[in-house]
Amino acid sequence: MSTTTTAHEEKTGPAHALRSFFRGREIPVAGALIALVIVTSVINPRFLSPQSAKDLMLNATIVIILAVGQALVIITRNVDLSIGSILGLVAFGTGTMFNAFPGVPIPVVFVLGMVFGAVLGTINGLLVTSAKVPALVITLGTMYIYRGILSSWAGSKQYFSGDNPPEFGALSVDVFLGIPIISIVAIVVVIAVGFFMHSVRSGRDLYAIGSDPDAARLFGIAVSRRVIAAFLASGALTGLAGVLYTSRYNSVGANTGYGLELDVVAAVVVGGVAIAGGTGTVYGAAIGAILLSTITGALTATRVDKFWQQAIVGVLILSAILVDRIVSIRSAKKLRVSEARDV
Amino acid sequence: MSETLTGSVVKVRSAWSRRLTGHDAIILYALVAVVIIAMSSVNYFASTLTVGFLLIQVIPILLLAMPMALVIITEEIDLSVASTAGLTSAVMGVLWRDSGWDISVVMIVSVLIGVACGIFNGVLITVVGLPSLAVTIGTLALFRGLALVVIGDQKVANFPKELNTFVLSKIGSTGIPVVMIFVVLIIAIFAVVLHFTPFGRGLYALGYSKEAASFVGIRVGLAKFWLFVVTGGVAGLVGVFLTLRLASAGPDNGTGMELSVIAAVLLGGVSIFGGKGSIPGVVGGVLLIGTLTYALRLAKVPETALIIVTGGLLVISVVAPSVMGWINEKIRLSRVHKSVQGQSVPGSTHA
């Protein structure tokens, strides 16, 4: 009897809140990130100089936005491999637009880029839900198709940052409170989507769908519509990232965003979003993205051979999956014990 | 009574028609159609040079598609094959440059590196029990990363000339590469194992239902473990082949090939849900993509647009069956609807 009361106290008290905070899957990743930053800046104090910190933030920005979008899709037990191609299409479209209509207002470019991305994402969503084939296959196909469209559209043409209006390029140079403008966009995206996933009904539906699509359907959730919406949102965020890419990087062309999809999936998985769906948060995904993009900078700063970078990324992904597995075995055991006690 | 009779007649016919209208057959028809159209309308396609260039380009994908088909039939996936090939190539280059061993020893050790990669994947997936998609995304980065660590951004190119000539040599005047003999042998082994051995048939059962398979006595974990080991070994072979063909070992050999392999396997009729697919279908799928892109390239379709063909074929091949199923279901329902109406009308007059 006394055990049950303490259990109840544990469940309601602030101690429980603290404990569940530390049990969250984001915590090990955040810990690794902090440790990485501390160790690196001890070895090389210039690692945290304002200029270098700004570069770190700028490098992380685009992957963060992509990871948030990808997390939405992965939580529903799907995956979107076409985001690299979507980003390329939108980035090249942005360059084309500034070239064709030099006076176009920048907000219009952002809106059009997101709409373009959303349309491409919706095509994925419609194909996935109507064909009832895993998203891995469909988006593998659309990855090739979108990339092919981009290649035939762009050919060998490239747009350079000099072709864009200076105010547009300034978005990734100017800072507000020490934070680059485009990174502020990323932070807003993370908080907004994070709130949506945590507290809005249709956001919770995405978790239900990812844990068990059939149960979600029986429960009355419009599974297909939600999945399409997740792809749409992922496409729109990828579109946003595409516009920001044009602002941040020197040139956009047929190869822009090539191979980015696996980096982003890796960031999401490292951030504690299970590839089988139903668990994880966009905050975790964002932290995963920051961790992976910071490693590159940290290796340069500590003068570790740059060739180690990708191997370390691989080890991180594998350890993230391992941690995930251990946590889920533990919680399953705990659940069994507590259920047995209730009986 | 008459109904059961027609039922069995339909069944007999459908066994034949299924073979002639099945996925394998459709892929074969498409392949033949592409070859005929290309021979009649594309300049220079109908020559022995075509056979040689086409096959030498297709061989790595063809080889990797074999174990990949088996892996996907058991409802797993391996995204790390191209990185394994890259690591093998890098190790081969460094061993040849630094160790002073004979090239045959270097090649054997390189293939063993591929096997080791497969064992690593297999242990994580079957012993630790992690999802193969996630594990192999991780090892995709890890193996490619190790290739970079091993060889850096250098290239090793001074392999024995005879080996490069051997890899590129043709059988007589047919244009068929000599290496193709080994490739056909490997394909045959995979076909026999998958279609004619208890182990292979068990893989289908495994893909349908893990639980059912283990109840009928298939050792699920062990079977999967060996599949990943074999996949690693074949990826090692491909790494060696690529190195010899290009006469160059670098960190980036085979980059991005994993997705082409999976696309070809799925186009060849292997279901991503597991439990379905055949080796002839997969070979057809690989050759279809290879021939089509080669013909279009000869027809001066821009290189960049060819990638649309791969993607389009893949999407069509997975969307078409469910669209067909949906249409068939509609037709069946309306037929049932009609026959029910036809039966109920006389029934009501009787009553």
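Criteria and cut-off values
For every chain, the first residue of the written sequence is number 1, and numbering continues from 1 onward in sequence order. Each chain is given a letter, starting from A, and each ligand a number, starting from 1, according to the order in which they appear as written. Totals for whole chains, interfaces and linings use all residues, but because this is a predicted model, local features are given only for residues with pLDDT of at least 70 and pairs of side-chain atoms are given and counted only at 80 or more. To qualify as a helix, a DSSP run of H or I must reach at least 4 residues; to qualify as a strand, a run of E must reach at least 2; elements of each kind are numbered from the N terminus. Comment: burial labels come from other C-beta atoms within 10 Å of the residue's own C-beta, placed from the backbone, where a count of 20 or more is buried, 12 or fewer is exposed, and between is partly exposed. What counts as a contact is two residues whose backbone-derived C-beta atoms lie within 7 Å of each other. Radius of gyration: over C-alpha atoms. The globule rule applied is 2.2 Å multiplied by the number of residues raised to the 0.38 power. As a working rule, the residues Ala, Val, Leu, Ile, Met, Phe, Trp, Tyr, Cys and Pro are called nonpolar, Asp, Glu, Lys and Arg charged, and the rest polar, with Gly in that last group. One number per residue, pLDDT, summarises how confident the predictor is, and it ranges from 0 to 100. Buried Ala, Val, Leu, Ile, Met, Phe, Trp, Tyr and Cys residues form a nonpolar core when they are connected through C-beta atoms within 7 Å. The span one expects for a helix is its residue count, reduced by one, times 1.5 Å. Whenever a helix is involved, its axis is fitted only over the stretch in contact; in every case the axis is a line through C-alpha atoms, and angles between N-to-C directions fall within 0 to 180 degrees. For classification, angles of less than 35 degrees are called roughly parallel, those exceeding 145 degrees roughly antiparallel, those between 65 and 115 degrees roughly perpendicular, and all remaining angles oblique. This arc corresponds to the set of directions leading from the helix axis out to the C-beta atoms. Should the near helix be turned anticlockwise from the far one by less than a right angle, the crossing is termed left-handed; should it be turned clockwise, right-handed.

Across its full length, chain B holds 14 helices and 0 strands. Listed N to C, the secondary structure of chain B is α-α-α-α-α-α-α-α-α-α-α-α-α-α in terms of helices and strands. Its C-alpha atoms put chain B at 95 × 55 × 35 Å along the principal axes. Looking at chain B as a whole, 44% of its 351 residues qualify as buried. Long-range pairs, those at least 24 residues apart, make up 77% of the contacts in chain B with a sequence separation of at least 6.

Scanning chain A from terminus to terminus reveals 15 helices and 4 strands. Compactness check: chain A gives a C-alpha radius of gyration of 21 Å against a globular reference of 20 Å for 343 residues, within 12% of the reference. Judged by the C-alpha coordinates and their principal axes, chain A covers about 75 × 55 × 35 Å. The proportion of buried residues among the 343 residues of chain A is 46%. Within chain A, counting contacts between residues at least 6 apart in sequence, those at least 24 apart form 80% of the total.

Attention now goes to the interface of chain A and chain B. At the junction of the two partners, chain A supplies 39 residues and chain B supplies 37 residues. Within the residue set of the side of chain A that touches chain B, elements represented by two or more residues are helix H6 (106–131), helix H7 (135–154), helix H13 (260–270) and helix H15 (308–342) of chain A. It is H7 of chain A that contributes the most residues to the side of chain A that touches chain B, 14 residues altogether. Of the residues belonging to the side of chain A that touches chain B, the class tally is 28 nonpolar, 8 polar and 3 charged.

All names here are of chain A. Within chain A, residue pLDDT values average 81, and 92% of them lie at 70 or more. Put simply, helix H1 (residues 2–12) is where chain A has its lowest mean pLDDT, 44, and helix H12 (residues 223–248) is where it has its highest, 89. Under a pLDDT of 50 for its full length, residues 1–11 has, in the predicted model, 3 contacts with residues more than four places off or in other chains.

Right, let's get into the nonpolar core. Formed by 199 residues in total, the largest nonpolar core has its most connected members in Ala 67, Val 68 and Val 269 of chain A together with Ala 65 of chain B. With sequence-adjacent residues up to four places away left out, Ala 67 of chain A is seen in contact with Val 264, Ala 267, Val 268, Gly 271, Ala 285, Ala 286, Gly 288 and Ala 289 of chain A.

What follows concerns helix H4 (residues 50–75) of chain A. All names here are of chain A. Between its first and last C-alpha, H4 extends 36 Å over 26 residues, near the 38 Å set by a 1.5 Å rise per residue. Judged by how many residues are buried, H4 sits mostly within the fold: 19 of 26 residues are covered. Arg 77 lies just past H4 and shows a positive phi near 65°.

Here we take up the confidence of the model for chain B. Residues and elements named next belong to chain B. Mean pLDDT over chain B works out to 83, with 92% of the residues at or above the 70 mark. Taken element by element, chain B is modelled with least confidence in helix H1 (residues 2–21), mean pLDDT 58, and with most confidence in helix H5 (residues 103–127), mean pLDDT 92. Contacts for the low-pLDDT stretch residues 1–5, under 50 throughout, to residues beyond four places or in other chains number 0 contacts. This prediction of the complex comes with two scores: 0.79 for pTM and 0.76 for ipTM.

Residue and element names in this part refer to chain B. Positioned with a positive phi, Glu 75 is a non-glycine residue whose angle comes to about 70°. Turning to its location among the elements, Glu 75 is positioned in the loop between helix H3 (48–73) and helix H4 (81–98). One non-glycine residue with positive phi stands out, namely Ala 247, at about 50°. Residue placement: Ala 247 occurs in the loop between helix H11 (220–246) and helix H12 (257–267). According to the C-beta neighbour criterion, Ala 247 is partly exposed, with 18 such atoms within 10 Å.

Turning our eyes to something else, we now look at the environment of Thr 291 of chain B. Residues and elements named next belong to chain B. Relative to the assigned elements, Thr 291 resides in helix H13 (residues 279–298). With 240 residues separating them in the primary sequence, Thr 291 and Val 51 have C-alpha atoms 9.5 Å apart. The contact partners of Thr 291, leaving out residues within four places of it in the chain, are Leu 31, Val 34, Val 35 and Leu 54.

Right, let's get into the packing of helix H5 (residues 83–100) of chain A against H13 of chain A. Residue and element names in this part refer to chain A. Running from N to C, H5 and H13 point in directions that differ by 120°, and their axes come no closer than 7 Å. Between H5 and H13, the crossing angle belongs to the class labelled oblique. On the side of H5, the interface is formed by Ile 83, Gly 84 and Leu 87, while H13 contributes Leu 260, Glu 261 and Val 264. Here the residues of the contact of H5 with H13 sort into 4 nonpolar, 1 polar and 1 charged.

All names here are of chain A. If you check helix H9 (residues 181–199), its first and last C-alpha atoms are 27 Å apart, about what 19 residues at 1.5 Å a residue would give, namely 27 Å. Buried within H9 we find Ile 182, Ser 183, Ala 186, Val 189, Val 190, Val 193 and Met 197. Along the axis of H9, the buried positions cluster into a sector of 110°, meaning they face one direction only. Facing away from the buried side of H9 by over 90 degrees, the exposed positions are Val 188, Ala 192, Phe 195 and Ser 199. Contacts from the buried residues of H9 go to H4, strand E3 (179–180), helix H10 (201–211), H12 and helix H14 (282–301).

Bringing the environment of Ser 248 of chain B into the picture now. All names here are of chain B. As for its position among the elements, Ser 248 is in the loop between H11 and H12. Along the sequence, Ser 248 and Asp 153 sit 95 residues apart, while their C-alpha atoms lie 12 Å from each other. In this view, Ser 248 contacts Lys 155, Ala 157 and Thr 243; residues no more than four positions away in its chain are not counted.

The next subject is the environment of Pro 102 of chain A. Residues and elements named next belong to chain A. Note on placement: Pro 102 falls in the loop between H5 and H6. Its 10 C-beta neighbours within 10 Å are what place Pro 102 among the exposed residues. Remark: the alpha-carbon pair of Pro 102 and Asp 163, spanning 61 residues in sequence, is separated by 8.9 Å.

Okay, the packing of H13 of chain A against H14 of chain A next. Residues and elements named next belong to chain A. Look at H13 against H14: their axes get within 7 Å of each other, and the N-to-C directions meet at 120°. Taken together, H13 and H14 sit at an angle that is classed as oblique. Two packed elements cross with a definite hand, and for H13 against H14 that hand is right-handed. Residues Ala 266, Ala 267, Val 268 and Val 270 of H13 lie in contact with H14, whose contacting residues are Ala 285, Gly 288, Ala 289, Leu 291 and Leu 292.

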